[in-house]
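# Overview (structure and organization)
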Amino acid sequence: MMIYTVTLNPSVDYIVEVEELTLGGLNRMKRDMKLPGGKGINVSRVLKQLGVENTATGFLGGFTGGYIDTWLGQEGIAGEFVTIADDTRINIKLKAGQETEINGAGPVITETETASLLHKLEALKPGDIVILSGSTPPSLGGDFYSKLIAVIKQKGAEFVIDTTGQALQDALSQGPLLVKPNHHELAELFGVQISTREEIITYGRKLLTGGAKHVLVSMAGEGALFITGQEVYHASAPKGQVRNSVGAGDSMIAGFVGTLSLTGNVLEAFRAGVASGSATAFSDDLADRVLIEELRPLIAISQL
Ligand SMILES: Nc1ncnc2c1ncn2[C@@H]1O[C@H](COP(=O)(O)OP(=O)(O)OP(=O)(O)O)[C@@H](O)[C@H]1O
Ligand SMILES: O=P(O)(O)OC[C@@]1(O)O[C@H](CO)[C@@H](O)[C@@H]1O
């Protein structure tokens, strides 16, 4: 069984820290970092930390694509990307007291490049898990995930989807192994305001009846809810100094799916998901194995 991650719209995440932001003036950076990004790529990197072999695929191009490819190679992550003519985007993560994100729309993907990605999925085997994460570059069209899901299902593989809006709605009835909205995304998906835990559970259950096999709703520092069948569990997030929330959700997906594939135990998978998400929140880059293992025993799970 192989786990694949698909990042249609990778990014170099340019993390820029300034003491105080002066709009309209010259600001000098206190610190900056260039990290490989894009949601599926983040999932792959955390899976690797957890000792779960996986293959990362999607589209990479230009000097930015080369930067990501080299980085993943250095971490020993198998990459099966389609090389595109356009440049992979650069996303800005501005830290000036609060975190502000400016994400690019993404490069142009040609029809030949698109066909090459679909061709790569022909290698899928029954039982494989494909994690589809993040936005779709506009040139691919809004229904591209549906096309990928059709191939994945035809091959007898499972899929996890982490995206928003119509693409997520459309994927639900296809039976994803896992969906993991945060509580804001859950509210947006149903066009409602959510203010209580009961409401989160009500709408989370709708994702299950809509077709998802497992539902996690993440709530940043408030931890997460795991909704499965009739049962609902809450996991607290450990306390710590938050350094970066970019990729916390991706890390949670890696922890959950990776541990589920290793152990088959959903509650251990939930625990590992929360530990991985929090370990990323407490790190400059994504979580590493040492911190995930340190946090794992601190996650208290209670049945509601
Ligand atoms: N401030 C925090 N303190 C402790 N743990 C956190 C914090 N923020 C996030 N986490 C951990 O990461 C998990 C996922 O976080 P969050 O709900 O912010 O996901 P997300 O919105 O998808 O993340 P992002 O889009 O920033 O990657 C949480 O359930 C929690 O375990
Ligand atoms: O624009 P998208 O595809 O929705 O999100 C992309 C992104 O914000 O998601 C990751 C964090 O989850 C970052 O590495 C990356 O910059």
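The preceding data block contains the structure.
Scoring rules and cut-offs
- Residues numbered from 1 in each chain as written.
- Chains lettered and ligands numbered in written order.
- Predicted model: local features only at pLDDT ≥ 70, side-chain atom pairs only at ≥ 80, totals over all residues.
- Heavy atoms only, no water.
- Helix = DSSP H or I, 4+ residues; strand = E, 2+ residues; numbered from the N terminus.
- Expected span 1.5 Å × (residues − 1).
- Buried < 20%, exposed > 50% of the residue type's maximum accessible area, 1.4 Å probe, protein only.
- Arc of directions from axis to C-beta.
- Near = heavy atom within 4 Å.
- Polar contact = N/O pair within 3.5 Å; in protein donor to acceptor, adjacent residues only side chain to side chain.
- Areas by Shrake-Rupley, 256 points an atom, 1.4 Å probe, with all protein chains shown as cover.
- Nonpolar A, V, L, I, M, F, W, Y, C, P; charged D, E, K, R; others polar.
- Contact = heavy atoms within 4.5 Å.
- Pairing = 2+ DSSP bridges.

### A few points about helix H2 (residues 62-74)
- Taking 1.5 Å of rise per residue, 13 residues should cover 18 Å, and H2 covers 19 Å from first to last C-alpha, within 8% of that figure.
- For H2, the set of buried residues is Thr64, Gly65, Ile68 and Leu72. Down the axis of H2, the sector holding all buried residues measures 100 degrees, keeping them to one side. What points out from H2, more than 90 degrees from its buried face, is the exposed set Phe63 and Gln74.
- Immediately beyond the C-terminal end of H2, within one or two residues, lies Gly76, with a positive phi of roughly 75 degrees.

### Side note on the site of ligand 2
- Not every one of the 16 residues close to ligand 2 is listed here, only the nearest: Asp13, Asn91, Lys93, Ser135 and Asp250.
- Take Asp13: an N or O atom from its side chain is 2.5 Å from an oxygen atom of ligand 2.
- Measuring from an oxygen atom of ligand 2, one finds a side-chain N or O atom of Asp250 at 2.7 Å.
- Against a free-state accessible area of 400 Å², the protein chains account for coverage of 88% of ligand 2.
- Put simply, the parts of the chain that give the shell around ligand 2 at least two residues each are strand S2 (11-17), helix H1 (39-49) and strand S6 (89-96).
- Looking at which element gives the most residues to the shell around ligand 2, the answer is S6, with three residues.
- Its residues assigned to classes, the shell around ligand 2 shows one nonpolar, nine polar and six charged.

### Points about the side chain of Thr88
- Within the secondary structure, Thr88 is located in the loop between strand S5 (78-84) and S6.
- For Thr88, a relative accessible area of 3% gives the class buried.
- Reaching out from Thr88, the side chain makes a polar contact with the backbone nitrogen of Gly61 at a distance of 3.0 Å.
- Residues contacting Thr88, with those up to four places away along its chain left out, are Pro10, Ser11, Val12, Phe59, Leu60, Gly61, Thr64, Gly65, Ile68 and Pro107.

### Quick notes on the pairing of strand S13 (residues 231-235)
- Across the five residues that make up S13, a large majority, four, are buried.
- Relative to S13, strand S12 (residues 224-228) runs antiparallel, the two being bridged by five bridges. By the bridge assignment, Leu225 is partnered in S13 with His234.
- The antiparallel pairing of S12 with S13 creates a hairpin that spans two residues between the two strands, and Gly229 there sits at a positive phi of about 55 degrees.
- Sheet analysis places S13 next to strand S14 (residues 301-303), joined by three bridges and oriented antiparallel. Paired with Tyr233 across the two strands is Gln303, which belongs to S14.

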